[in-house]
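This is what each chain is made of:
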Amino acid sequence: MLIEDYFDKIDSLFSSSPLVKGLTIERDKRGMYEGLIRGKINLQDNSLLHFREFVYVEIYIDRKMYSYQYMNSNNNLIFRYDNTEHHRKLNLSTFPHHKHDGSEDNVVKSNAPFLAEVLKEVEQILVQF
């Protein structure tokens, strides 16, 4: 897979979602197989999903860095997944992967979700309301 193919896959993910009201996506190709993609997705209820990934995609999708942050319409954190190595002292079994659940201080173990899984989680939250 080439990095452009991966970028197109992300674009398709959002363009096919009925929850998406608007989006801004930046692509930064760093070679044939690696690049940075980031964006802000405006959802139907005025909540926001911010994301960024630095990926290498030659053989499989290797996200060297990622962050998926979901905020409600009042700009309050609902959750954020990331792999920043700043919670080493918590001894999470999934380190460096973790989730900020409801607040910056509530850090829990988490596998590294893909963007499609994060969007599904957002959809499940929105269906509840």
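A brief report on the enclosed structure follows. This is a predicted model, so every value here is computed, not measured.

## Comments concerning the sheet that holds strand 3 (residues 48–56)
- Strand order in the open sheet made by the seven strands is 1-2-3-4-5-6-7, with antiparallel pairing throughout. Looking at the sheet topology across the chains shown, the edges are occupied by strand 1 (20–29) and strand 7 (107–109). Between one strand axis and the next, the sheet turns by 15° as a mean value, whatever way the strands run.
- Here strand 6 (residues 98–101) pairs with strand 7 via three bridges, running antiparallel. Across the sheet, histidine 98 pairs through a bridge with lysine 109, a residue of strand 7.
- Helix 2 (residues 115–128) rests against strand 2 (34–43), strand 3, strand 4 (62–71), strand 5 (77–82) and strand 6 of the sheet, and its axis sits at about 165° to strand 5.

## Observations concerning unusual backbone geometry
- Note that the residue after phenylalanine 95, namely proline 96, is joined by a cis bond; omega there is 10°.
- With respect to the helices, strands and loops of the structure, proline 96 is situated in the loop between strand 5 and strand 6.
- Phi angles above zero are rare outside glycine, and asparagine 46 is one such case at about 70°.
- Looking at the secondary structure, you find asparagine 46 in the loop between strand 2 and strand 3.
- Here asparagine 46 falls in the partly exposed class, since its relative accessible area comes to 46%.

## Describing the pairing of strand 1
- Of the strand pairs in this sheet, strand 1 and strand 2 are connected by nine bridges, and their pairing is antiparallel. Each bridged residue has a counterpart across the sheet, and for glycine 22 the counterpart in strand 2 is asparagine 42.
- Connecting strand 1 to the antiparallel partner strand 2 that follows it, the hairpin turn spans four residues.

Quick notes on the rules
- Residues numbered from 1 in each chain as written.
- Predicted model: local features only at pLDDT ≥ 70, side-chain atom pairs only at ≥ 80, totals over all residues.
- Heavy atoms only, no water.
- Pairing = 2+ DSSP bridges.
- Helix = DSSP H or I, 4+ residues; strand = E, 2+ residues; numbered from the N terminus.
- Axes fitted to C-alpha atoms, helices over the stretch in contact; angles between N-to-C directions.
- Contact = heavy atoms within 4.5 Å.
- Buried < 20%, exposed > 50% of the residue type's maximum accessible area, 1.4 Å probe, protein only.

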